[in-house]
Amino acid sequence: DVCLSKMLKVSKRSVVKVAAKAGVSNGVGAEATVLRRMGHFAKFGMSVDIASRKGITVSGIFHRGSYKFEVPVLFTPEVSPWSLIAATALPLALIMMTKILIITPLDALKQRRKREARRKQNAEAMKEAKRSAEADVRLMTPTVLKKKAQEEAKAGLVIVEARYGKIMDPQTGKLRMMDEDDEEGYMVVDVTIPMQYLVEDSRLLLQPSPKFGLLGFYDPAIGEDKELLVRYMFKGRMHQVLVQDDDALAIPLRSHLIPSGDDQ
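**Q** Break down the confidence of the model for the chain for me, citing the residues and quoting the values.
**A** For the chain, the average pLDDT comes to 84, and 92% of its residues sit at 70 or higher. Within the chain, no element has a lower average pLDDT than helix α1 (residues 81-121), which sits at 75, and none a higher one than helix α3 (residues 192-197), at 97. Of the regions scoring below 50 in pLDDT, residues 179-185 engages in 14 contacts with residues more than four places distant in sequence or in other chains.

**Q** Would you mind going over the layout of surface pockets in detail, with residue names and values included?
**A** Leftover empty space is mapped by rolling, across the atoms, a probe with the size of a water molecule. Approximately 240 Å³ is the volume attributed to the largest pocket. Around the largest pocket sit 13 residues that line it, and Lys17, Glu31, Thr33, Ile61 and Glu70 are the ones nearest its centre. Those elements that place two or more of their residues in the lining of the largest pocket are β1 (2-9), β2 (14-23), β3 (27-38), β5 (55-64) and β6 (67-76). What the second largest pocket holds in volume is close to 210 Å³. Counting only elements with at least two residues in the lining of the second largest pocket, the list comes to α2 (123-153) and β8 (188-190). Among the elements that make up the lining of the second largest pocket, the one with the highest residue count is α2 (4 residues).

**Q** Now, about the packing of aromatic side chains: what can you tell me, with residues and values included?
**A** Inspection of the entire model under this criterion finds 2 aromatic pairs. Directly above the aromatic system of tyrosine 197 lies the positively charged group of lysine 147, at a separation of 5.1 Å from the ring centroid.

**Q** So what's going on with the nonpolar core? Which residues, and what values?
**A** Counting 23 residues, the largest nonpolar core has Ile159, Met195, Leu228, Val230, Leu249 and Ile251 as its most contacted members. Of all the secondary-structure elements, those providing two or more residues to this core are α2, β7 (158-165), β9 (204-206), β10 (227-234), β11 (237-244) and β12 (249-251). It is β10 that contributes the most residues to this core, 4 residues altogether. Setting aside anything within four residues of it in sequence, one finds leucine 228 in contact with Arg163, Tyr164, Val191, Met195, Leu206, Lys211, Phe217, Val241, Leu242, Val243 and Leu249. Grouped together as the second largest cluster of nonpolar side chains are 5 residues, Met46, Ile56, Val58 and Ala87 included.

**Q** Go over the side chain of serine 14 with me, naming the residues and quoting the values.
**A** If you trace the backbone, serine 14 turns up in strand β2. Looking at serine 14, its side chain comes within polar contact range of the side chain of arginine 36, at 3.2 Å. Among all residues touching serine 14, those that are not within four sequence positions of it are Leu8, Lys9, Leu35 and Arg36.

**Q** Give me α2: which residues, what numbers.
**A** Here α2 spans 42 Å end to end across 31 residues, near enough to the 45 Å set by a 1.5 Å rise per residue. The axis of α2 is deflected most strongly, by about 45°, at threonine 141, and proline proline 142 appears within four residues downstream. Restricting attention to buried positions, one finds in α2 the residues Met126, Ala133, Val137, Met140, Val144, Lys147 and Glu151. Where α2 is buried, its residues meet α1, β7 and α3. Alanine 155 occupies a position one or two residues after α2 and carries a positive phi of about 55°.

**Q** Go over the pairing of β7 with me, naming the residues and quoting the values.
**A** Taking burial as the measure, the 8 residues of β7 include 7 buried ones, the bulk of the element. Here β7 runs beside β10; their pairing, made up of 7 bridges, is antiparallel. For glycine 165, the partnering residue across the bridge sits in β10 and is glutamate 227. For β7 and β8, the ladder comprises 3 bridges, and the chain directions are antiparallel. By the bridge assignment, tyrosine 164 is partnered in β8 with valine 189.

What counts and how
- Residues numbered from 1 in each chain as written.
- Predicted model: local features only at pLDDT ≥ 70, side-chain atom pairs only at ≥ 80, totals over all residues.
- Heavy atoms only, no water.
- pLDDT = per-residue confidence, 0-100.
- Helix = DSSP H or I, 4+ residues; strand = E, 2+ residues; numbered from the N terminus.
- Contact = heavy atoms within 4.5 Å.
- 1 Å grid on protein atoms, 1.4 Å probe; cavity = no way out; pocket = protein on both sides within 12 Å on 5 of 7 lines; lining within 4 Å.
- Points joined across faces, edges and corners; volume = space filled by probe spheres on them.
- Phe/Tyr/Trp six-rings, centres within 6.5 Å; stacked < 30°, edge-to-face > 60°.
- Lys NZ or Arg CZ within 6 Å of the ring centre and 35° of its normal.
- Core = buried A, V, L, I, M, F, W, Y, C linked by side-chain atoms within 4.5 Å.
- Buried < 20%, exposed > 50% of the residue type's maximum accessible area, 1.4 Å probe, protein only.
- Polar contact = N/O pair within 3.5 Å; in protein donor to acceptor, adjacent residues only side chain to side chain.
- Expected span 1.5 Å × (residues − 1).
- Bend = angle between axes of the 7 residues up to and from the residue.
- Pairing = 2+ DSSP bridges.

Set out below in structure tokens:
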């Protein structure tokens, strides 16, 4: 028998193996196998084996360490264009259903447990950092009120709202606006006052470094990617900007302007 095969890595956890075969018993054929890793020791997947003399066989595959389980099912004893299409589409559909109904929920549960464990481990440090940040905010509030009044009087830079933390929802890609933990264990904190405190002569500049080191800030999502969302008024017009935790920030900028009806 002759067999030529190639392994293709399609993602961090998934590989596809394709092979062309020729032999006396099965004739000419091909085989395609999709395997996905689950954890460190387990893999699951499906394969489609097409042989001119044997027909089409679809197999379910599960590997756990050194143990390998395969359940072959004869899809059809004859090879035809329609059976080829059906035999190819069926495993793909089953794999997609498995991913949607099993793998993705399990991965989300695993990530949530990791976040919960991380938050419990850092709970005391986070509480202390929060208390320190809140104390800083109380001290700077009188100064901020004066600064804000001065900026409003000249239609300068007024911070309307600033939020820091896990702003982007990883599931939907939409903005998350809240002060307390949600069901996914993320947190977003209000940093409107600390941001207004940093305004000088209608300008604000932040260096490209993590923002939780700023006065009045703290890290509400230790070990997670974070963003800073700022909505501000300048020259009587609303602006908005979203930056990653390590990004620099300079405001005001024309590119942050939120178009109004007058701009249409």
